[in-house]
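Analysis of the macromolecular model
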Amino acid sequence: MKCTVMARFLIVLGIFGFIFQVHCSNQYDNHTLVRLHPTLPVHLNAVKTFQDPSLEVSVLKESRGVNDTLDLLVPPNKLGFVHDYAKSNGLTLEEKQRNYGRTLEDESQRLPRRRVLRSFNIFGYNSFGAIQGYLEELAHKFPNLVQLQELGKSFEGRTMKLVKISSQPEAGNPVIFVDAGIHSREWVAPAMATYLISRLATDSDSMQIGGILDGVDWYILPVVNPDGYEYSRSSANKRLWRKTRSKTTNSRCYGVDGNRNYGFKWAVSGVSNDPCHAETFAGNKAFSEPETRMVSSVMLDNKQRIKLYVSLHSYGQYLVYPWGYTGDYLPKQWKKLDNMGKAVSVAVQRAGGKPFKVMSAGKWYPAAGGSDDFAYGAAGIPYSYTMELTEGYEFTFPESLLSKTLPQVYEGFKEFGKRIKKEFGR
Ligand code: 0X9
Ligand code: ZN
């Protein structure tokens, strides 16, 4: 059944006094979530070079290597093509979910409070407005600890605020800069960044000697792409939107992949030049997007003090470091990046979480114009990572699991903090 305005109205009112299940159709109805398993090294080429010339199959996640799946969202008319591809390359094919549209609808119906602007739940997927409200509240409550710096406006005019948390703002401590949500459908990333803010600001032992704020300052931008985030929250049809919501006059299509838009080795690999490409359009030029310009200004304005940059994404449980634009070689200091990444993974595992796959981004798959490469290569920030949170639920990580997962990942951030203090503390 089409989800008419009337049907939505009836759902909202619950007019007959019982739960009225209406399933709406959307563009992902009858799409199948397919996982291709490379089980031997000879399969790697096939998963790494998979392409649907018609661009109808979406790649949800690339494969890192043997036993790491390539995840695809396949429309009904392309299932045969994908089965043939798997068969001819010896790949094991797993059909995970027959009607992916239904999964998205179910998710949106489970979360009625998503649509309520101001209500805030630290273990929930909050609206941009509710997150902003929470940040204002913290800054108001703890003025000596939490400061908000206005950075500017998103394409659609949303005000972006950098959260600065410091127990000694005049001390010139090393800074850890964390951002999240450049990809709008990756909801768990802003949820983690907001949780991090909350723990830093409200844990009574944060400020103690040896606490997470002792000798290190934290700058956090929890929603880098608020326009895309709100768009992906607006309906099941839009749930998988990844890009910004900008519009250039010479195209009928919207949005740029923010993580292909940074001005370091811009567009040399892993991008699309087509503004209508659903996923990886790099923009008409580097830094075409106000949102990426704002993040780069934070990095450049504070480049002497920022010692670690972490960009939160989902999914796959990876912790990757530069270079992202190439898999052919690594930065000179790659061992330090690798060691810190592995220590963070161990800390998360110790807290009961899943370990991260730690490696260079370009060895996973080369893609240029990422914020991690810009931080490392252009701003000279000595530690830079992209953290891909969660595994097993694609972009729809259940809200009910946030209360378990976010505290586990927080232990990884404590480890980051400890190591930055040890190496750069004054
Ligand atoms: O492709 C991306 O932008 C990131 N993965 S995601 O599934 N969240 O889209 C990985 C980025 C890794 N870094 C670079 N390639 N620079
Ligand atoms: Zn992402």
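What you are looking at is a predicted structure, and each value in this text was computed from that prediction instead of being measured.

**Examining the sheet that holds strand β11 (residues 357-360)**
Spatial strand order, β5-β6-β8-β7-β9-β12-β10-β11: 8 strands in an open sheet with mixed pairing. One side of each edge strand has no neighbouring strand; the edge strands of this open sheet are β5 (146-153) and β11. Strand-to-strand twist of the sheet, defined as the mean angle between neighbouring strand axes without regard to direction, takes the value 20°. With 6 bridges connecting them, strand β7 (residues 175-180) and strand β9 (residues 306-314) associate as parallel partners. The residue of β9 that forms the bridge with Ala-180 is Leu-312.

**Here's the deal with helix α6 (residues 188-202)**
A rise of 1.5 Å per residue sets the reference length of α6, with its 15 residues, at 21 Å; its end C-alpha atoms lie 21 Å apart and thus fit the reference within 8%. Where burial is concerned, most of α6 is hidden: 14 out of the 15 residues are buried.

**Quick notes on the site of ligand 1**
If you check the shell around ligand 1, you find 14 residues, and the closest are Arg-242, Arg-260, Tyr-365, Asp-372 and Glu-388. Between a nitrogen atom of ligand 1 and a side-chain N or O atom of Glu-186, the distance comes to 2.9 Å. With respect to ligand 1, the side chain of Glu-388 contributes an N or O atom lying 2.7 Å from a nitrogen atom. Coverage of ligand 1 by the protein amounts to 97% of the 410 Å² it exposes when considered alone. The residue makeup of the shell around ligand 1, split by class, is 3 nonpolar, 6 polar and 5 charged.

**A few points about the coordination of the zinc ion (ligand 2)**
Coordination of the zinc ion (ligand 2) by the protein comes from His-183 (ND1), Glu-186 (OE), Glu-186 (OE) and His-313 (ND1), over a distance range of 2.0 to 2.3 Å. Within one chain, the residues donating to the zinc ion (ligand 2) are spaced in sequence as H-x2-E-x126-H. Note that His-183 is positioned in the loop between β7 and α6 and His-313 in strand β9, a separation of 130 residues in sequence. Accessibility classification places His-183 together with His-313 in one group, the buried group.

**Description of the UniProt feature "active site" (unreviewed entry) in the chain**
In the UniProt entry, the feature "active site" (unreviewed entry) is given for Glu-388. With respect to the helices, strands and loops of the structure, Glu-388 is situated in strand β12 (residues 383-389). A distance of 3.5 Å separates a polar side-chain atom of Glu-388 from the backbone nitrogen of Ser-314.

**Notes on helix α9 (residues 334-350)**
In a regular helix each residue adds 1.5 Å, so 17 residues correspond to 24 Å; α9 covers 24 Å between its end C-alpha atoms and thus fits that length. Lining the buried residues of α9 we find β10 (318-321), β11, α11 (371-378), β12 and α12 (402-424). With its phi angle positive at about 95°, Gly-352 sits one or two positions after the end of α9.

**Looking at the sheet that holds strand β1 (residues 32-37)**
Taken together, the 4 strands give an open sheet; going across it, the order is β2-β3-β1-β4, and neighbouring strands pair in antiparallel fashion. The sheet is open, and its two edges are formed by β2 (58-61) and β4 (92-97), each paired on a single side. Looking at each pair of strands side by side, their axes are set apart by 30° on average, direction ignored. Against the sheet, helix α3 (residues 79-89) contacts β1, β3 (70-74) and β4, and its axis sits at roughly 10° relative to β1.

**Here we look at unusual backbone geometry**
The amide bond that connects Ser-314 to the next residue, Tyr-315, takes the cis arrangement and shows omega of 5°. Checked against the element boundaries, Tyr-315 lands in the loop between β9 and β10. Residue Pro-322 is joined to Trp-323 through a cis peptide bond whose omega torsion reads 0°. With respect to the helices, strands and loops of the structure, Trp-323 is situated in the loop between β10 and α9. For Leu-55, which is not a glycine, the phi torsion comes out positive at approximately 60°. When you line up the elements, Leu-55 lands in the loop between α2 (44-48) and β2. Since its relative accessible area comes to 54%, Leu-55 is described here as exposed.

**Examining the pattern of salt bridges**
For the structure shown, the criterion picks out 22 salt bridges. Its salt-bridge partner being Lys-414, residue Glu-411 comes within 3.3 Å of it at the nearest N-O pair. Note that Glu-411 and Lys-414 are positioned in helix α12 at a spacing of 3 residues, about one turn of the helix. For Lys-414, a relative accessible area of 31% corresponds to the partly exposed category. Through salt bridges with shared partners, one network takes in Lys-61, Asp-68, Lys-354, Lys-357 and Glu-391.

**So, the nonpolar core**
Among the nonpolar cores identified, the biggest contains 80 residues, and Phe-177, Trp-218, Leu-312, Met-387, Phe-413 and Phe-416 are the most heavily contacted of them. Ranked by residue count, the leading element in this core is α6, at 10 residues. Excluding anything up to four places from it in sequence, Leu-312 contacts Val-178, Asp-179, Ala-180, Gly-181, Ala-189, Met-192, Ala-193, Met-387, Leu-389 and Phe-413. Counting residues in hydrophobic clusters, the runner-up holds 14 residues, among them Val-34, Leu-70, Leu-72 and Leu-91.

Definitions and limits used
Residues numbered from 1 in each chain as written. Chains lettered and ligands numbered in written order. Predicted model: local features only at pLDDT ≥ 70, side-chain atom pairs only at ≥ 80, totals over all residues. Heavy atoms only, no water. Pairing = 2+ DSSP bridges. Helix = DSSP H or I, 4+ residues; strand = E, 2+ residues; numbered from the N terminus. Axes fitted to C-alpha atoms, helices over the stretch in contact; angles between N-to-C directions. Expected span 1.5 Å × (residues − 1). Buried < 20%, exposed > 50% of the residue type's maximum accessible area, 1.4 Å probe, protein only. Near = heavy atom within 4 Å. Polar contact = N/O pair within 3.5 Å; in protein donor to acceptor, adjacent residues only side chain to side chain. Areas by Shrake-Rupley, 256 points an atom, 1.4 Å probe, with all protein chains shown as cover. Nonpolar A, V, L, I, M, F, W, Y, C, P; charged D, E, K, R; others polar. Donors = N, O, S within 2.8 Å, 3.2 Å for Na, K, Ca; no water. UniProt positions renumbered as here; feature names shortened; annotations may be inferred. Contact = heavy atoms within 4.5 Å. Salt bridge = Lys/Arg side-chain N within 4 Å of Asp/Glu carboxyl O. Core = buried A, V, L, I, M, F, W, Y, C linked by side-chain atoms within 4.5 Å.

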